[in-house]
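Residues per chain are reported as follows:
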Amino acid sequence: MCAEKPDFIRMWDEQIARAFEQKRKAGEDNGSFWDNPVNVERYVRRLQNDDRGRVKKQLDSMNILPGSSVLDVGAGPGTLSVPLAASGCSVTVVEPSSPMIRGMEAYRSLTNAPPIRTIQKTWEEASPDEIGKHDVVIASLSLMMADIGSCMKKMDDCAESAVHLFWFLLPPSLSRGNSDLWPMLHGEPYNYEPTADILWNVLCQLGIYANLTVESRNTGQAYTSAAEMRQDYYTRLLANTDDQKRIVDQYLDQRLLKTDKGYILPGTSKTAHIWWEK
């Protein structure tokens, strides 16, 4: 008797549902973190100051030709879409957060990049008619999506030439911190987002046989001060009471390091680049 094949689509959807529900119970609705202008400003500053090397590697790995039409799903503050527009691509973004869109416009103005067409909706809300067809579809660290099968099919349908996805092969350093801190703050284990190995198998289940490469990084996110790091962790971990904040402070004070780039928590991250051509 043959063993039943794993249902990776269901596995992804159930894991995402648990992650969303846990945050909701602790007081955060989906997307509210990126609706906070303070969080977006911090992200944009980091992008401009010390993430350009990482962004260049991402762009080089996709080899998108100037003049291509590109759809950026969950574009954030224009991490990839602004340099792609500056290189001569016609860029459309799907991004629900108003602060992120304002951050993208500020970044675009700094680089004198051409205008970027914006659809202010989640990927699930945006209709195929308003999205249109594009040479290349990209989604970089923006895949906190339910109904992953339909979401992937829609990306594939919108792409004429290729789709490029970037997602965590291991939970990011801050999420691994959550495995220590979340139980102390909220009394239960932390529910991670599903990782890139599940995503790759989701695509196989859909009949899409994608390529996969892995990038490793050995440094954590840099902050300008220990106070900024603490505040970011309070927000991400939903640490609202004085007792919760003291727990976070003690954890960070025992681990943070000051470097020439700022204050960091040491950690290794592994991000997968998953792509296929049409």
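Structure first, text after, so check above.
What comes next concerns the included structure. (Residues numbered from 1 in each chain as written. Predicted model: local features only at pLDDT ≥ 70, side-chain atom pairs only at ≥ 80, totals over all residues. Heavy atoms only, no water.)

## Here we look at the side chain of K154
And then number 1: With respect to the helices and strands, K154 occurs in helix α7 (residues 148–158).
And then number 2: Other than its neighbours up to four places away in sequence, K154 contacts W123, E124, A126, P128 and I131. (Helix = DSSP H or I, 4+ residues; strand = E, 2+ residues; numbered from the N terminus. Contact = heavy atoms within 4.5 Å.)

## Remarks on the packing of helix α1 (residues 8–26) against helix α9 (residues 196–205)
To describe two helices that pack against each other, one gives the angle between their axes and the distance between the axes.
And then number 1: Between α1 and α9, the least distance of the axes is 8 Å, while the angle of their chain directions is 140 degrees. Accordingly, the angle class assigned to the pair α1 and α9 is oblique. By crossing handedness, the relation of α1 to α9 is classed as left-handed. For the pair α1 and α9, the contacting residues are F8, I9, M11, W12 and Q15 in the first and I198, L199, N201, V202 and Q205 in the second.
And then number 2: Classifying every residue of the contact of α1 with α9 gives seven nonpolar, three polar and no charged. (Axes fitted to C-alpha atoms, helices over the stretch in contact; angles between N-to-C directions. Parallel < 35°, antiparallel > 145°, perpendicular 65-115°, else oblique. Left-handed = near helix turned anticlockwise from the far one by under 90°. Nonpolar A, V, L, I, M, F, W, Y, C, P; charged D, E, K, R; others polar.)

## Notes on the packing of helix α10 (residues 226–237) against helix α11 (residues 242–253)
And then number 1: Interhelical geometry of α10 versus α11 gives an angle of 130 degrees and a closest axis separation of 10 Å. In this view, α10 runs oblique relative to α11, as classed from their interaxial angle. Crossing angle aside, the handedness with which α10 passes α11 is right-handed. Contacts between α10 and α11 involve M229, R230, Y233, Y234 and L237 from the first element and K245, V248, D249, L252 and D253 from the second.
And then number 2: When grouped by side-chain class, the residues that make up the contact of α10 with α11 number six nonpolar, no polar and four charged.

## A short note on the environment of M229
And then number 1: Along the chain, the position of M229 falls in helix α10.
And then number 2: Through-space distance from the C-alpha of M229 to that of D249 is 9.6 Å; in sequence the pair is 20 residues apart.
And then number 3: If we skip the residues at most four places from it in the chain, M229 touches Y223, L252, L256, Y263, I264 and L265.

## Some remarks on the nonpolar core
General note: in soluble globular proteins, nonpolar side chains tend to be found buried as a group.
And then number 1: By size, the foremost hydrophobic cluster in this structure holds 35 residues, and its most contacted members are W12, W123, L143, M155, L165 and L199.
And then number 2: Every element with two or more residues in this core is listed here: α1, β1 (69–73), β4 (134–140), α7, β5 (159–168), α9 and β9 (269–277).
And then number 3: Leaving out residues up to four positions away in the same chain, M155 has contacts with V73, W123, V137, A139, L143, M145, V163 and L165. (Core = buried A, V, L, I, M, F, W, Y, C linked by side-chain atoms within 4.5 Å. Buried < 20%, exposed > 50% of the residue type's maximum accessible area, 1.4 Å probe, protein only.)

## Regarding α1
And then number 1: In a regular helix each residue adds 1.5 Å, so 19 residues correspond to 27 Å; α1 covers 27 Å between its end C-alpha atoms and thus fits that length.
And then number 2: Of the residues making up α1, those classed as buried are F8, I9, W12, Q15, I16, A19, Q22 and K23.
And then number 3: Here α1 starts with a cap whose side-chain oxygen sits 3.3 Å from the backbone nitrogen of I9, and that cap is D7.
And then number 4: Residue G27 follows α1 closely and has a positive phi angle near 115 degrees. (Expected span 1.5 Å × (residues − 1). Polar contact = N/O pair within 3.5 Å; in protein donor to acceptor, adjacent residues only side chain to side chain.)

## Details of the pattern of salt bridges
And then number 1: Enumeration over the complete set of coordinates arrives at twelve salt bridges.
And then number 2: Here R10 ties to E14 by a salt bridge, and the two come within 3.3 Å at their closest N and O atoms. Note that R10 and E14 are positioned in helix α1 at a spacing of four residues, about one turn of the helix.
And then number 3: Between D232 and R236 there is a salt bridge, with its nearest N and O atoms 3.1 Å apart. Within this pair, D232 and its partner R236 are both found in helix α10, separated by four residues, close to a single helical turn.
And then number 4: Here D232 falls in the buried class, since its relative accessible area comes to 1%.
And then number 5: Residues joined by salt bridges that share partners form a network here, namely D7, R10 and E14. (Salt bridge = Lys/Arg side-chain N within 4 Å of Asp/Glu carboxyl O.)

Bear in mind that shape data such as this cannot, by itself, settle questions of function.
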